[in-house]
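Residue-level listing of the chains:
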Amino acid sequence: MADNPTAEMQPAAPAKRKGVKRRAFLIGGVAVVGAGLFGISIADSNAAKSAKARLESDGGHSFATWLKIGEDDSITIYSPHTDIGQGSNTGLAQMLAEELDAAWDQVRVVSAPAEPAFANVGLGRAFLADMTGQPAIINGIPQSFLSFIARQMNLQMTGGSTALRFTGRVTFQNVGAATRLALVETAAKRLDVPADELTTQDSHVIHAKSGRALRYGELAAEAATLSLDNAPKLKDPSQYRIMRQSMQRLDIPAKVDGSAQYGIDFSVPDMRVATIMAAPVRGGKLTSVDTAPALAVKGVEKVIKLDDAVAVVAKGYWPAISGLRALTPEFADGGNGGISTASIFKAQGDLMAKGDADSTAGDGDVQAGLGAKPIEAKYQVPFLHHAMMEPFALTAHFKDGKLNIWGGMQDPLASKMMAVDVSGLDADDVTFHPMMIGGSFGRRLPMYMEIVGQVTKLAMQLPYPVKLIWSREEEIVQGAYRPQSSAALKASLTKEKRITAYRNDYAQPESAESETVFPYALPAVSRRHFAHVSNQQTGAWRSVNSTQQGFYNESFMDELAHAAGEDPVVFRRNHLKAGSRHLRVLDEVAARSGWGSPLPAGRGRGVALVESFRTIVAHVIEASVGDDGMPKVHKVTTVVDAGSIVNPDAAMAQIEGGTIMGLSSAIGEAITLENGAVQQSNLADYTLLKMAGAPLVMDIHFLNSGADMGGIGEPGVPPAAPALANALFAATGKRVRNLPILTQAKA
Amino acid sequence: MAIQTSINGKPVALAAEPDTPLLWVIREELGLTGTKFGCGIAACGACTVHVNGEPTRSCSLPVSEVAGKSITTIEGLKSADGTLHAVQKAWISAQVPQCGYCQSGQIMAAVALIEKTGSPSDAQIDEAMTNICRCGTYPRIRKAIHAATGQAAKAAKPAEGAA
């Protein structure tokens, strides 16, 4: 669906470059909405009125959908994003509160209702301006929702590191600034003074001349009746008091005392708990199941057969999973029983050897530049599972023609539309209640959320509410994995140690072009995608295609440096544009890591530099190999240029976590297939990095070049694997070309 | 027959089937949802509680085995007047949680480690803290454990130069 948005969604502007087409519906949507700066299309005044009524139903006064000011001065911000722990809601609140001159201790953030009136226009508008991006994220939006977007430009997606740089920058800062102006205008009238004599601070409008001040709370009712300026002047960063400060995250207190309520924690009276098993060979159907063994388990009430799955409904999770385990369902394999990890790698290799690429990008005459004897290397990476700590869990209740669903999603509004599709109900009869999410990393985008359809189907035929929980086993084998991928890279060098031509052939389901920024200035570069699709569902995994491409390119650059006999930092520097942001990041990480200084015996240093989501990150990793053959990461030095940072400590946490997730995947993670089915079964054999494997020293620096704000949740991931592989080469002379490293350590 | 035990200092009689893992009794019968389900095979530690003071993965412990024992969950860490435990305070100061889902288990494991060792070394932390955090908060967990025991931060450096 992603490659061909429906015909009614013609782009408003011609697509000028490859890879843009898949985002065309967003461009069309923006054209439809036009001047709808503040969250609600100006054409859709009914939606605006209903949103206002809804927010004001428990008191207070609503501004531009996203903000409510109470007469007690309380400030409530409605976030269209899901804070998955990346701190985005705190950051968004900082951006709005800064421009509003709000008293920070009065600010709270809640999830915007999953209703069209709260769709995120800012996100759509920013996609228009930002033409390199994340189509794999966009892929995760159901078909019915695409047309919905085209009509009304609704979006509540969290992904692609977009929250602050799009929603925050485009919408929330403007809402804060415009609301501040409305409050000032109201105060000027009430105090009978010129507006330019008034200042604002800590939720007060102040008239210094007369020593008078009015609280925002006492101005809100009248100010909320004014039209908001749709192009207010924003503050100069030198005036910031709330942005660029390490404000404590608003969501953290509830996460240390057990009071935070995640989707899996939801409960209503009479609720039953269900668990499910889908066809282990993806693409297969349920052929038969004897339900008796499950029904014999005390507490089991029902066994429900779906097209490709069987579910057990019980009084609690334990009888449900016990009942499910008692079953021996038969599934067809959908013709996919011959697929294995090895067969996929072979098919990918054959495609690349044949040389008939599905798409090509780059510049220059690569074939001529490569000459007769290019340097070559082949790389392979496995399917990766998201392994978010909270398994899928949603509660649904169908009663009196209305369907209610509770749980955590990366896009509550699109999830609602998915339930609308499956139930056949009107959108007005389906309500989605967003809850806190226990990790996602791309897994909870609606297109991959089979659980939305499953729980809807269960609820439609049950007389009571039902909470469907996936076991971790189900979670592991029914993933939306980062694709298994192969690459063959070639390049040639001059006597002066300069690259003449560089070719990156890679095979996987989709083109990686939109997430690939190749920073080196070379005479000829070619990236060729060979499309290979297996029976597995593949999706967006934290930083999407930047992880594979980062590993391929930064490993190969290291190989070329060694082939040229040049230091890997010097070699990279010599191929980066003078004065570029990339060069500054590289130089900074080299200086801060003590690049070139002596190391204890057995240790090596590796460097990698990857731009993703408009943020440039370089890691230098110090690593060695233990007696067990496993890599040990001693130190990571990181330099980040994300343009500017809203909350330094929260940004730091994202880079720490992203780096560790990248290391974890490089060292120990793989989903492998045999006979069409996933071989791993739980977190015992899908092995994640733990405390003992995490680097003891992480030294992270932000450059803040002032360039357009980049993402922060994802860009720490991609350079981690190549920096580690390069460090291991420096330590041992052995090149890692296949991930995870664990499999080679054992071999 | 009801199983007699004590949860967070209060005696309770549990009606669950004896083979039910303690985790599901805590979550579904007692409604204490701070203790999380992560894997069901004691691999991740999200379900960690204290049983007679020992950190225990409740997803793999049949409730019949806690008869007569004393159980503490994350909800029972605060003192009676609602003051947070020193480890919880350290978790906030270090801004440890991201998604937060594993953190109840991490905190319970850390409290048990500190009660046992006083001031754990990095090696002791590596050995005892085997709970999985997919968000990768390990450097901050280490920092918070050191801070809670009065040791200077040894792990991740504080934020700097970001303005």
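Residues numbered from 1 in each chain as written. Chains lettered and ligands numbered in written order. Predicted model: local features only at pLDDT ≥ 70, side-chain atom pairs only at ≥ 80, totals over all residues.

A.B. asks: So, the overall build of chain B: which residues are in play, and what are the values?
C.D. replies: For chain B, the count of helices and strands is 5 helices and 5 strands. Sequence-ordered secondary structure for chain B, helices as α and strands as β, is β-β-α-β-β-β-α-α-α-α. Expected size for 163 residues packed as a compact globule is a radius of gyration near 15 Å; at 16 Å, chain B falls within 12% of this value. Each of the three principal axes of chain B carries a C-alpha extent, and together these read 60 × 30 × 30 Å. With 163 residues in all, chain B has 59% of them scored as buried. (Helix = DSSP H or I, 4+ residues; strand = E, 2+ residues; numbered from the N terminus. Rg over C-alpha atoms; globule rule 2.2 N^0.38 Å. Buried ≥ 20, exposed ≤ 12 C-beta atoms within 10 Å, placed from the backbone.)

A.B. asks: Kindly report on the overall build of chain A, identifying the contributing residues and their values.
C.D. replies: On a plain count of helices and strands, chain A comes out with 21 helices and 27 strands. By the burial criterion, 59% of the 747 residues in chain A qualify as buried. A separation threshold of at least 6 residues defines the contact pool for chain A, and within that pool the share at least 24 residues apart is 77%. (Contact = placed C-beta atoms within 7 Å.)

A.B. asks: Describe the domain arrangement of chain B, naming the residues involved and giving the relevant values.
C.D. replies: All names here are of chain B. With domains assigned, chain B is organised as domain 1 (3-76) and domain 2 (86-148). For domain 1 and domain 2, the distance between their C-alpha centres works out to 20 Å. Taken together, the contact between domain 1 and domain 2 spans 15 residues of the former and 12 residues of the latter. Those elements giving two or more residues to the side of domain 1 that touches domain 2 turn out to be β3 (48-51) and β4 (54-57). (Domains from an automatic or database assignment.)

A.B. asks: Describe the packing of helix α2 (residues 86-93) of chain B against helix α5 (residues 138-148) of chain B, naming the residues involved and giving the relevant values.
C.D. replies: Residue and element names in this part refer to chain B. α5 packs onto α2 with a crossing angle of 130° between their chain directions and a minimal axis gap of 8 Å. By the criterion of interaxial angle, the relationship of α2 to α5 is oblique. For the pair α2 and α5, the sense of crossing is right-handed. Counted together, A86, V87, A90, W91 and S93 of α2 and A144, A147 and A148 of α5 form the full contact between these two elements. (Axes fitted to C-alpha atoms, helices over the stretch in contact; angles between N-to-C directions. Parallel < 35°, antiparallel > 145°, perpendicular 65-115°, else oblique. Left-handed = near helix turned anticlockwise from the far one by under 90°.)

A.B. asks: Requested: an account of the interface of chain B and chain A, with residues and values cited.
C.D. replies: Each partner contributes residues to the interface: chain B has 54 residues there, and chain A has 57 residues. Only α1 (22-29), α2, α3 (103-117), α4 (122-128) and α5 of chain B provide two or more residues apiece to the side of chain B that touches chain A. Element by element, the count of residues in the side of chain B that touches chain A is highest for α5 of chain B, at 4 residues. Class assignment of the residues belonging to the side of chain B that touches chain A gives a composition of 29 nonpolar, 16 polar and 9 charged. (Nonpolar A, V, L, I, M, F, W, Y, C, P; charged D, E, K, R; others polar.)

A.B. asks: Just give me the short version of the environment of F702 of chain A, but keep the residues and values in it.
C.D. replies: Residue and element names in this part refer to chain A. By the secondary structure assignment, F702 is in strand β27 (residues 697-702). A count of 24 C-beta atoms within 10 Å places F702 in the buried class. Each C-alpha atom, one on F702 and one on V617, is 9.3 Å from the other, the two residues being 85 residues apart in sequence.

A.B. asks: How would you sum up the domain arrangement of chain A? Please name residues and give values.
C.D. replies: All names here are of chain A. The domains assigned to chain A are domain 1 (34-120 + 156-239), domain 2 (263-334 + 392-469) and domain 3 (342-383 + 481-746). For domain 2 versus domain 3, the distance between C-alpha centres works out to 38 Å. In terms of residue class, the side of domain 2 that touches domain 3 is made up of 5 nonpolar, 2 polar and 2 charged.

A.B. asks: Tell me what's going on with the sheet that holds strand β22 (residues 604-612) of chain A, and back it up with residues and numbers.
C.D. replies: All names here are of chain A. Read from one edge to the other, the open sheet built from 4 strands follows the order β22-β23-β24-β27, with strand pairing classed as mixed. Each having just a single partner strand, β22 and β27 make up the two edges of the open sheet. Sheet twist, expressed as the average angle between the axes of neighbouring strands with direction ignored, equals 15°. Contacting β22, β23 (615-625), β24 (631-641) and β27, helix α18 (residues 581-593) crosses the sheet at an angle of about 135° to β24. In the packing of helix α19 (residues 648-668) onto the sheet, contacts are made with β23, β24 and β27, and the angle to β27 comes to roughly 130°. (Pairing = 2+ DSSP bridges.)

A.B. asks: Pulling in residues and values, what's your account of helix α14 (residues 450-460) of chain A?
C.D. replies: Most of α14 of chain A sits out of view: 9 of its 11 residues are buried. Turning to α14 of chain A, its buried residues are E450, I451, V452, Q454, V455, T456, K457, L458 and A459 of chain A.

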